[in-house]
Amino acid sequence: MAANVIVYSTSVCPYCVRAKQLLERKGVAYKEVNLSVEAPEVRVELMQRTNHRTVPQIFINDQFIGGFDQLYALEREGKLDELLA
């Protein structure tokens, strides 16, 4: 079974683009929630849930991973594939 991946992003975020590109290169299907077009309360709920104000915010199987830097660090350490399995 493939991992459930959700990427919260905005339309103008270069780190969001890089995170999505990394996932796409790995052949990972993900759901994107664009906070630029969602209702403002979606962003507020997300910030309350994670205590982070920046995007992207990435969840794998309901576990908050962090942003692009954390996603890339997992990839560099060889731990990302395990989470995505």
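Residues numbered from 1 in each chain as written. Predicted model: local features only at pLDDT ≥ 70, side-chain atom pairs only at ≥ 80, totals over all residues. Heavy atoms only, no water.

### Quick notes on the packing of aromatic side chains
If you walk through the whole model with that rule in mind, you get four aromatic pairs. Centroid distance Tyr 8 to Phe 59: 5.7 Å. Interplanar angle 75°. Geometry classified as edge-to-face. Placement of the pair is Tyr 8 in strand β1 (residues 5-9) and Phe 59 in strand β3 (residues 57-60), with a sequence separation of 51 residues. Ring centres of Tyr 15 and Phe 68 lie 6.1 Å apart, and the angle between their planes is 40°; on these two criteria the pair is classed as tilted. Placement of Tyr 15 in helix α1 (residues 14-25) and of Phe 68 in helix α3 (residues 68-76) is noted, with a sequence separation of 53 residues between them. Classification of Tyr 15 as partly exposed rests on a relative accessible area of 42%. (Phe/Tyr/Trp six-rings, centres within 6.5 Å; stacked < 30°, edge-to-face > 60°. Helix = DSSP H or I, 4+ residues; strand = E, 2+ residues; numbered from the N terminus. Buried < 20%, exposed > 50% of the residue type's maximum accessible area, 1.4 Å probe, protein only.)

### A few points about the environment of Val 17
With respect to the helices, strands and loops of the structure, Val 17 is situated in helix α1. We classify Val 17 as partly exposed; its relative accessible area is 39%. Put simply, Val 17 and Phe 68 are 51 residues apart on the chain and 9.2 Å apart in space, counted from C-alpha to C-alpha.

### Describing the sheet that holds β3
Pairing within the open sheet is mixed, and its four strands lie in the order β2-β1-β3-β4. The sheet is open, and its two borders are formed by β2 (31-34) and β4 (63-66), each paired with just one other strand. Strand-to-strand twist across the sheet, computed as the mean angle between neighbouring axes with direction ignored, equals 25°. Pairing of β1 with β3 involves four bridges; the strand directions are antiparallel. Bridge pairing in β3 links Val 5 to Ile 60. Lying over the sheet, helix α2 (residues 40-50) contacts β1, β2, β3 and β4, oriented at roughly 70° with respect to β3. Along the sheet, α3 contacts β3 and β4; its crossing angle with β4, the most-contacted strand, is approximately 95°. (Pairing = 2+ DSSP bridges. Axes fitted to C-alpha atoms, helices over the stretch in contact; angles between N-to-C directions. Contact = heavy atoms within 4.5 Å.)

### Here's the deal with the environment of His 52
Counting through the fold element by element, His 52 comes out in the loop between α2 and β3. Judged by relative accessible area, which is 36%, His 52 ranks as partly exposed. Linking His 52 and Tyr 72, residues 20 residues apart in sequence, is a C-alpha distance of 18 Å.

### Remarks on the pairing of β2
Pairing of β1 with β2, which is carried by four bridges, proceeds in the parallel orientation. Bridged to Val 7 within β2 is Glu 32. Since β1 and β2 lie parallel, the crossover through α1 that links them has a hand, and here it is right-handed. (Right-handed = clockwise from strand over helix to strand, strands pointing away.)

The analysis is restricted to geometry; functional conclusions fall outside its scope.
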